[in-house]
Amino acid sequence: MDCPKRSTIVIYGASSPHVGDIFKSQAFELGAILAKNGRRIVTGAGLTGLMASVEDGALSQGGHVTGVIPQFMVDNGWLHGGLTEVIVTKDMQERKATMARMADACVALPGGTGTFEELFEVITWKMLGLFTRPIIILNTDSYYEPLLDMLDRTVERQFMSPYFKQLWAVAKTPAQALELIDSIPDWLSPHSKISKADLK
């Protein structure tokens with residue numbers, strides 16, 4: 001199935017300034033390749049870590065970067081100062097909902113608990129039919145292998161239908177992430193279209 005070019009890409013990722021160079025390099029490359037291909041990027045507006053790397057990568061190519069950030073983070077001085085556009089929200093919940101509404105696709109870079117929470121929330125929304133766009137996990141340096149193994153275990157132990165493994169896709173490189181963004185069709189909610197037999 002051919003998919004329309006998806007123009008607005010939401011990126012989740014680490015804010016830690018201590019991550020290794022391989023992670024920063026791929027985050028910068030992702031921002032740059034998306035900008036070169038005319039994509040608008042939406043991030044959490046972070047000043048440090050992989051958020052800053054992907055933002056800087058996009059900006060280095062003249063890309064458009066929108067940051068969505070709660071007011072308390074602005075007050076704490078955590079806002080990247082060079083973004084194209086900034087949307088300030090009242091709290092974290094509004095931030096995540098705003099980013100999801102803007103997204104033609106989501107890409108999760110490596111990160112900690114905040115990134116995991118964002119990734120799992122949007123996966124859950126997609127499972128429920130509240131979000132329909134591609135979700136890509138960028139598995140830099142095999143970072144996400146333990147998490148992917150855990151997701152496989154949820155299927156093996158029958159906590160989740162194998163059908164729902166279609167909710168996300170895994171990319172090894174930024175270039176592959178872009179390919180997946182444009183090739184994965186929108187999600188068909190099982191709650192309205194798929195029979196119970198399909199979910200066994």
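Everything quoted here is computed from the prediction, not taken from an experiment.

**A short note on helix 5 (residues 113-127)**
Point 1. Across its 15 residues, helix 5 extends 21 Å between first and last C-alpha, which sits within 8% of the 21 Å expected from 1.5 Å per residue.
Point 2. Within the sequence span of helix 5, burial applies to Thr115, Glu118, Leu119, Val122, Ile123 and Lys126. Along the axis of helix 5, the buried positions cluster into a sector of 125 degrees, meaning they face one direction only.
Point 3. Buried residues along helix 5 sit in contact with strand 1 (8-12), helix 4 (92-102), strand 5 (105-108), strand 6 (135-138) and helix 6 (145-156).
Point 4. Looking one or two residues past helix 5, Gly129 carries a phi angle of roughly 80 degrees, positive in sign.

**Describing the nonpolar core**
Point 1. Ranked by size, the top nonpolar core spans 31 residues in total, and within it Ile11, Leu30, Leu34, Val107, Leu109 and Ile136 carry the most contacts.
Point 2. Where this core is concerned, the elements lending two or more residues are strand 1, helix 1 (21-36), helix 2 (49-60), strand 3 (65-70), strand 5, strand 6, strand 7 (169-171) and helix 7 (174-183).
Point 3. Among the elements that make up this core, the one with the highest residue count is helix 1 (six residues).
Point 4. Sequence-distant contacts of Ile136, that is, excluding residues within four places in its chain, are made with Cys106, Val107, Ala108, Ala169, Ala171, Ala177, Leu180, Ile181 and Ile184.
Point 5. Ala103, Ile135, Leu147 and Leu148 belong to the second largest nonpolar core, which has 27 residues in total.

**Concerning the pattern of salt bridges**
Point 1. Tallied over the full model, the rule gives nine salt bridges.
Point 2. Asp182 is paired through a salt bridge with Arg39; the nearest N and O atoms lie 2.6 Å apart. In this pair, Asp182 sits in helix 7 while Arg39 sits in the loop between helix 1 and strand 2 (40-43), placing the two residues 143 residues apart along the sequence.
Point 3. Lys96 serves as the salt-bridge partner of Glu117, at 2.4 Å between the closest nitrogen and oxygen. Pair noted here: Glu117 is in helix 5 and Lys96 is in helix 4, with a separation of 21 residues, a long-range link.
Point 4. What makes Lys96 buried here is its relative accessible area of 10%.
Point 5. When salt bridges that share partners are traced, they join Arg6, Asp104, Arg133 and Asp186 into one network.

**Side note on the side chain of Thr98**
Point 1. Inspection of the secondary structure puts Thr98 in helix 4.
Point 2. Classification of Thr98 as buried rests on a relative accessible area of 9%.
Point 3. Once residues within four sequence positions are removed from consideration, Thr98 is found in contact with Val68 and Thr89.

**Looking at the environment of Leu30**
Point 1. Looking at the element boundaries, Leu30 is found in helix 1.
Point 2. For the pair formed by Leu30 and Asp56, sequence separation is 26 residues and the distance between their alpha carbons is 10 Å.

**Some words on the pairing of strand 6**
Point 1. With burial as the criterion, each face of strand 6 is covered, one bearing Ile135 and Ile137 and the other bearing Ile136 and Leu138.
Point 2. As paired strands, strand 5 and strand 6 are joined by three bridges and run parallel to one another. Residue pairing in the sheet places Val107 in a bridge with Ile136 of strand 6.
Point 3. A crossover connection joins strand 5 to the parallel strand 6 through helix 5; in handedness this β-α-β unit is right-handed.
Point 4. Bridge analysis of strand 6 against strand 7 gives three bridges, and the strand direction is parallel. Paired with Leu138 across the bridge in strand 7 is Ala171.
Point 5. A crossover connection joins strand 6 to the parallel strand 7 through helix 6; in handedness this β-α-β unit is right-handed.

**A few points about the layout of surface pockets**
Point 1. Space inside the largest pocket adds up to approximately 430 Å³.
Point 2. Those elements that place two or more of their residues in the lining of the largest pocket are strand 1, helix 4 and helix 5.
Point 3. Examining the composition of the lining of the largest pocket, we find that five residues originate from one element, helix 5, more than from any other.
Point 4. Taken together, the residues that form the lining of the largest pocket break down as ten nonpolar, ten polar and three charged.

Quick notes on the rules
- Residues numbered from 1 in each chain as written.
- Predicted model: local features only at pLDDT ≥ 70, side-chain atom pairs only at ≥ 80, totals over all residues.
- Heavy atoms only, no water.
- Helix = DSSP H or I, 4+ residues; strand = E, 2+ residues; numbered from the N terminus.
- Expected span 1.5 Å × (residues − 1).
- Buried < 20%, exposed > 50% of the residue type's maximum accessible area, 1.4 Å probe, protein only.
- Arc of directions from axis to C-beta.
- Contact = heavy atoms within 4.5 Å.
- Core = buried A, V, L, I, M, F, W, Y, C linked by side-chain atoms within 4.5 Å.
- Salt bridge = Lys/Arg side-chain N within 4 Å of Asp/Glu carboxyl O.
- Pairing = 2+ DSSP bridges.
- Right-handed = clockwise from strand over helix to strand, strands pointing away.
- 1 Å grid on protein atoms, 1.4 Å probe; cavity = no way out; pocket = protein on both sides within 12 Å on 5 of 7 lines; lining within 4 Å.
- Points joined across faces, edges and corners; volume = space filled by probe spheres on them.
- Nonpolar A, V, L, I, M, F, W, Y, C, P; charged D, E, K, R; others polar.

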